[in-house]
Amino acid sequence: MAGLTRRVVALLLFVAVAGQAEDEKKGRKLETRRLKMEARAGMMSAPSAKDELSNFLARETQRLIERSRTLSGSPYEQDRVLEALDDLLDARDDLVAAGQPNRDGKKTGDPQRSTAKSLERAYFRIQQGEYFAKLSGDARAGEYVVRARRLYQMARAAYDVGGFHRATKLGSAGAELVNVLENLAQAVVRRPEPPVLE
Amino acid sequence: MRFLRCLLLVSFAGLAAAQSPQISGRVVDPSGAPVQGIVVAIGGSEVVTDATGEFRTLGLKTGNYVVKVGRAPFRPVSIPIGLTSAIRPLRIVLKLAEVRNEVNVTESAEAVSTAPADNLSAVTVSSEELRGLPILGTNYMSVLQEMVGGAGEDEDGVTVVVDGVEMDAKSVPIEAIQQVKINRDPYTAEFTRPGRGRIEITTRDASTAFHGAIRAGLRDSAVDARNAFANARPDENRQLFTGYLSGPLDRSGKTSFMVAAEQENENLQSVVYAQTPSGLLNQQIRTPQSATDLMVKIRRLVGERHVFTVRFDRERESAENQGTGGFRLPEAGFRERSNESEFRAQHSAFLSANLVSDLSFQWESSRRRSASVSQGRLISVADAFVGGGAQVDTRSDETELGLKYVLSWSKGKHLVRGGMDVPDWTRQTYEDFGNRQGTYQFASLDDFRAGRPFAFTQQVGDGRVSFRQRTVGLFIQDTINLRPGLTAGLGLRYDRQNFISDTNNLAPRLSLAWSPGQRQKTVIRGGSGIFYTRLNGGVIRDALLFGRGDFRRLIVSNPLWPDPSFEGGGAALPPALVRMADDLRSPYTIHYSLGVEHRLSARTTVSATWRGFRGVSAFRSRDVNAPWLADGQRPDPALGIVRQFESSGTVKSQSLELGVSGRLSRFFNGSIRYELGRVMSHADGRDALPPNSYNLESEWSRSNRDRRHRLRALGTVPVGKWFKAGFVFFAATGNPYSLITGQDNNQDGIASDRPAGVPRNSLQGPGVMRLDVRMAREFRIPALGGRGPTMEATVDAFNVLNGVNYAGYVGNLSSPFYGLPVSAQPARRLQFGLRLTF
């Protein structure tokens, strides 16, 4: 009997340790991801004082980095904030690429048609911005929506004058800002679970 | 117990067996390379060797024959054969004309071949064997697909390859089939699909002497058993007429023809088993179907080096009251009509002793129509009943061109095949008039009684769409005999399709076979390859139709009942859209296998194969405008469901197959295969929307095709002197299915939500077991004597043990049938036939 008890205790200890190890592993992964994001953000060039949009993105990057540092105790929330940070950095990349000539080197069909399609997707995404801004409860969420819309208008203007590469990148940057809002909303509002089976 | 009973029966059938006579073999050149396209004359008939140099005769009777093979630059040879029973496959080595004529006829050595096309995990069925199997009407494809299916089958289904060219699932008349091969050379680069995804059909060759057969079949429910869910035995019958005629068109015998035709009329019945507000409805309804198929093939030999073949195939089908049965009431049925025509021209040129060119061009045209049998709104009460008008009115027209060019070159240790393959160059026109009056959806019967629908959907606008789909492939395949007993296959294929901008679709393929030792009785065979998936025409159609704005699917959550009362014809309602993701790419599947094949005796082999695949970037759908909260409020309130079709899924499968085939004893000839497998995936199909579109990873679970165990056996065997028996046995554990609440808990417009913590396909469906048997008696017509026509009388029994095979259980917690089956596969059925061969 004592042998059995010892085995059961050993098994429970093993399960507890294994579970703990799993949690630790997840935590380490998130920490590595956070450090990578910070490094990526650090490699980005500082915006000029006149560029209001870039300044906003740089400020928000710093704010989300600070926020992710404080969330090591809640992995789900930290994961979502890091995802938002990733989207924000993508938006910054798109914005930089919009100011540069097309270096993709790919010739994939009619650029006007593909840009129009891309702007259509961006429009759809930006239309969703207000919904996620409201859910996120973030004080700066409204600014994201305003800037996403402004980016879309800039993209439309670029499209009208034949700047298809610039239009695509600006539209994509706008959509990325809504992605940031979606992840921030998910970080604070849990999706309702379906009913538990009785 | 039932399982054991069946196994015993299969074994017993095998004990009473022997093999029917046939002549088969392989023709090779002096270097040992297969000679493709050479005519082998046996008695009065002719067959042509396939890409692997193999040939197989049609149904022969015992007697003396002379096998003649000859074509420049080889010397013609004649081999007398005394055919008393089945003989071992021949190996005919041809010598060049200028060299002393020497013919090597050997009964296939007891060695196992290491050629990639000789894998023992392949299944080869001759026309004789196919004729000996119990096949319901002309539906041989269902028997063949059962052989292909299993854990090794990926989600892209099965392609039918007819005379070396891929085509859609349309079949050829059963009497026009000379041979069927499944899973031959699994990793060849010549085809887009792996071995388990191909059914290769070789059509019967035109012959230089007149041959033919006429068959009539009859089935009547008077001798059938009752379906488990039917109140009474259904009043069903079937008449079947098939036949072929083959012969010369000129005196020289260089031009010959083959005509095959079949006509099938079925009066079937479906069983409705539904829970309506007025109680349980159990009713049978007629679902008559008819099909006609005609095929004409003409072959002409020009000189000694060119063979021209043209083929025309026309098929018509009609079916009434389709879709009815189970929960679906008779009023919600629809009728279908389809016409298909195909023309194909092929040219084979034997440019030299080691260089063969094959060019094939095909044109196909098809029309399909479906129309509801009654008009009115469709009312769907989840897993209780579906009533009202079906509203599936659609028209579809398709014109398809195909081209394939293959150049085969053999020298020394190499056999190289390369060329271009255009399997799909299609123009499709589709008109969708479906769901114009709307569909009410109720989560449960109680909700229906209370007049509380959870959704109303309706399609409005111009439902016409037309588009072109283009797929082009290039391939090269080298089969290298590295040394005796060691063969490698190296291949590379490139496929490109429109509608997907991803162009990086290189697909390398590799196979290796090694037979250790001198006797070469055992072969270790392995391989791996990448296979790209073609975009389904239905996905393109939906994306074009719902993406352009003038055709809309309206979805109203919690609508008014019984009139949804739209203002302005629903113009203000948010429409549902379908679109393809920006980063959509060609999904691909990495297949791999490793197996051991061992020849126990000259005619018996065993094999064990471990195989698997991993599907990368698999297609799946999600709603990119799904509500985050359970308040029905969508992120973009101007739109409803936005179904995005994306390539972000994964599928994984592994299986172990054990097989034995050939003659296990002097009484048994056939094939028995057992498979233990597992399939995991992210989605059950490309169009299925997940309950949570924001967390697709939670969908990773068992696939709905994940059957753990499968046992398949088939054989065609004589029982004593008087009868021949053929059987097909299939037993498998059931498919899993999902447990759902039946409610739209997250208010996303789809009532497919699962209870918290319950994965997809968590429940286990019922297993199936079926044994089909054919008994045949062949006799000569005495008045004509000698080697005149023969008559064969057959009796087929399907599901001869009359076991109840449920079609599935209901997993909807809101359904009155939760946990219960509502339909079953047919009970025992008998079919009688007569076949005259001349």
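Residues numbered from 1 in each chain as written. Chains lettered and ligands numbered in written order. Predicted model: local features only at pLDDT ≥ 70, side-chain atom pairs only at ≥ 80, totals over all residues.

**Thoughts on the overall build of chain B**
This is how it is decided: Here a helix means four or more residues in a row that DSSP labels H or I, a strand means two or more in a row labelled E, and each is numbered from the N terminus. The exposure scheme places C-beta atoms from the backbone and then counts, for each residue, the other C-beta atoms within 10 Å of its own, assigning buried at 20 or more, exposed at 12 or fewer, and partly exposed in between. By the criterion used throughout, residues are in contact when their C-beta atoms, derived from the backbone, lie within 7 Å.
What chain B contains, in helices and strands, is five helices and 46 strands. Residue burial in chain B is summarised as follows: out of 838 residues, 48% are buried. The contacts of chain B with a sequence gap of at least 6 include a subset with a gap of at least 24, amounting to 70%.

**So, the overall build of chain A**
When helices and strands are counted, chain A shows seven helices and zero strands. Overall, chain A shows an N-to-C arrangement of helices and strands of α-α-α-α-α-α-α. Buried residues in chain A amount to 37% of all 198 residues.

**Let's talk about the pairing of strand β32 (residues 522-532) of chain B**
Residues and elements named next belong to chain B. Spelled out, the test is: Being paired, for any two strands, means DSSP has found at least two bridges between them.
Two elements, strand β31 (residues 506-514) and β32, share six bridges in a ladder whose sense is antiparallel. Residue W514 lies in a different strand from β32, and its bridge partner there is I524. Summarising the sheet, β32 and strand β35 (residues 588-601) pair through 11 bridges and their orientation is antiparallel. Across the sheet, residue S528 finds its bridge partner in β35, namely Y592.

**Observations regarding the sheet that holds strand β13 (residues 198-203) of chain B**
Residue and element names in this part refer to chain B. As a reminder of what qualifies: Helix axes are fitted to C-alpha atoms over the stretch in contact, other axes to C-alpha atoms as well, and angles between N-to-C directions run from 0 to 180 degrees.
As summarised here, the arrangement of the five strands in space is β9-β12-β13-β10-β11, forming an open sheet in which the pairing is mixed. Either end of the sheet is taken by a strand with one partner, and the two such strands are β9 (123-126) and β11 (165-167). Adjacent strand axes in the sheet meet at a mean angle of 25 degrees, parallel and antiparallel pairs treated alike. Sheet analysis places strand β10 (residues 159-162) next to β11, joined by three bridges and oriented antiparallel. When the bridges of β11 are listed, V161 appears paired with E166.

**Considering the nonpolar core**
All names here are of chain B. Operational definition: A set of buried Ala, Val, Leu, Ile, Met, Phe, Trp, Tyr and Cys residues, joined through C-beta atoms within 7 Å, is what we mean by a nonpolar core.
Counting 51 residues, the largest nonpolar core has A274, V381, F385 and F442 as its most contacted members. Setting aside residues no more than four positions away along its own chain, F442 makes contact with S380, V381, A382, D447, F448, P453 and F454. Membership of the second largest hydrophobic core comes to 45 residues, among which are M147, I672, V717 and A731.

**Topic: the interface of chain A and chain B**
Inclusion rule: Classification convention: Asp, Glu, Lys, Arg as charged; Ala, Val, Leu, Ile, Met, Phe, Trp, Tyr, Cys, Pro as nonpolar; all other residues, Gly among them, as polar.
Taken together, the contact between chain A and chain B spans 18 residues of the former and 18 residues of the latter. Counting residues per element, the ones that place at least two in the side of chain A that touches chain B are α4 (111-127) and α5 (129-136) of chain A. With four residues, the top contributor of residues to the side of chain A that touches chain B is α4(A). Class assignment of the residues belonging to the side of chain A that touches chain B gives a composition of 11 nonpolar, four polar and three charged.

**Some words on the packing of α4(A) against helix α6 (residues 141-160) of chain A**
Packed helix pairs are characterised by how far apart their axes lie and by the angle those axes make with each other. All names here are of chain A. Rules: Small angles under 35 degrees read as roughly parallel and large ones over 145 as roughly antiparallel, with 65 to 115 read as roughly perpendicular and the rest as oblique. The sense of a crossing depends on the near helix, which, turned anticlockwise from the far helix by less than a right angle, makes the crossing left-handed and, turned clockwise, makes it right-handed.
Viewed as axis vectors pointing N to C, α4 and α6 meet at an angle of 160 degrees, and their least axial separation amounts to 10 Å. When the interaxial angle is binned, α4 and α6 end up roughly antiparallel. In terms of crossing hand, the pair formed by α4 and α6 is left-handed. Contacts from T115, L119, A122, Y123 and I126 in α4 reach A148, R149, Y152, A155, R156 and Y159 in α6. Across the contact of α4 with α6, the residue classes tally to eight nonpolar, one polar and two charged.

**A closer look at the packing of helix α2 (residues 52-69) of chain A against helix α3 (residues 75-98) of chain A**
Residue and element names in this part refer to chain A. Where α2 contacts α3, the two axes come as close as 10 Å, and the packing angle between them is 160 degrees. What the angle tells us is that α2 and α3 run roughly antiparallel. The way α2 lies across α3 gives a crossing that is left-handed. Together, L53, S54, L57, E60, T61, L64, I65, R67 and S68 of α2 and Q78, V81, L82, A84, L85, L88, L89, A91, R92 and L95 of α3 make up the contact between the two elements. For the contact of α2 with α3, the class distribution of residues is 12 nonpolar, four polar and three charged.

**Here's the deal with the pairing of strand β41 (residues 723-732) of chain B**
Residue and element names in this part refer to chain B. Most of β41 sits out of view: nine of its 10 residues are buried. In terms of strand pairing, β41 meets strand β44 (residues 768-780) through nine bridges, oriented antiparallel. Within β44, the residue paired with F729 across the bridge is L771.

**Concerning unusual backbone geometry**
Residues and elements named next belong to chain B. At the junction of W561 and P562, the peptide bond is cis and its omega measures out at 10 degrees in the coordinates. Its place among the elements puts P562 in the loop between β33 (551-557) and β34 (575-580). With a phi close to 50 degrees, N435 is a non-glycine residue in the positive phi region. A positive phi is found at N761, a non-glycine position, where the angle reads about 55 degrees. Examined against the element boundaries, N761 turns out to sit in the loop between β42 (736-737) and β43 (763-764). Under the C-beta neighbour-count criterion, N761 is labelled buried, with 23 such atoms within 10 Å.

**With respect to helix α7 (residues 164-188) of chain A**
Selection criterion: A helix is expected to reach a length of 1.5 Å times the quantity of its residues less one.
Compared with the 36 Å implied by 1.5 Å per residue over 25 residues, the 37 Å span of α7(A) between its first and last C-alpha is a close match. Across the 25 residues that make up α7(A), a large majority, 23, are buried.

**Some thoughts on the environment of R149(A)**
Secondary-structure assignment places R149(A) in helix α6. Along the backbone, R149(A) and A139(A) are 10 residues apart, and their C-alpha atoms lie at a distance of 18 Å.

**So, the environment of Y588(B)**
Residues and elements named next belong to chain B. With respect to the helices, strands and loops of the structure, Y588 is situated in strand β35. Judged by the 21 C-beta atoms lying within 10 Å of it, Y588 is buried. For the pair Y588 and S246, spaced 342 residues apart in sequence, the C-alpha to C-alpha distance is 43 Å. Not counting residues within four places of it along the chain, the set of residues in contact with Y588 comprises I530, F531, Y532, T533, V616 and S617.

**Regarding the environment of Q518(B)**
Here Q518(B) lies in the loop between β31 and β32. Q518(B) sits 146 residues away from S372(B) along the chain, and the two C-alpha atoms are 67 Å apart.

**A short note on the confidence of the model for chain B**
Low pLDDT means the predicted atomic positions in that stretch should not be read closely. Residue and element names in this part refer to chain B. Filter applied, for reference: Think of pLDDT as the predictor's per-residue confidence, scored from 0 to 100.
Put simply, chain B has an average pLDDT of 83, and 87% of its residues get 70 or more. Scored below 50 in pLDDT, residues 97-109 makes 21 contacts in the model with residues more than four places away or belonging to other chains. Confidence estimates for the predicted assembly give a pTM of 0.81 and an ipTM of 0.81.

**Details of α6(A)**
All names here are of chain A. Compared with an ideal rise of 1.5 Å per residue, which puts 20 residues at 28 Å, α6 spans 29 Å between its outermost C-alpha atoms and is within 8% of the ideal. Among all positions of α6, only A141, Y144, V145, R147, A148, L151, Y152, M154, A155, A158 and Y159 are buried. Remark: G162 follows α6 within two positions and exhibits a positive phi of approximately 85 degrees.

**Some words on the confidence of the model for chain A**
Per-residue confidence for chain A gives a mean pLDDT of 85, with 85% of residues at or over 70. Averaged pLDDT values for the elements of chain A fall to 75 in helix α1 (residues 2-43) of chain A and rise to 95 in α6(A).

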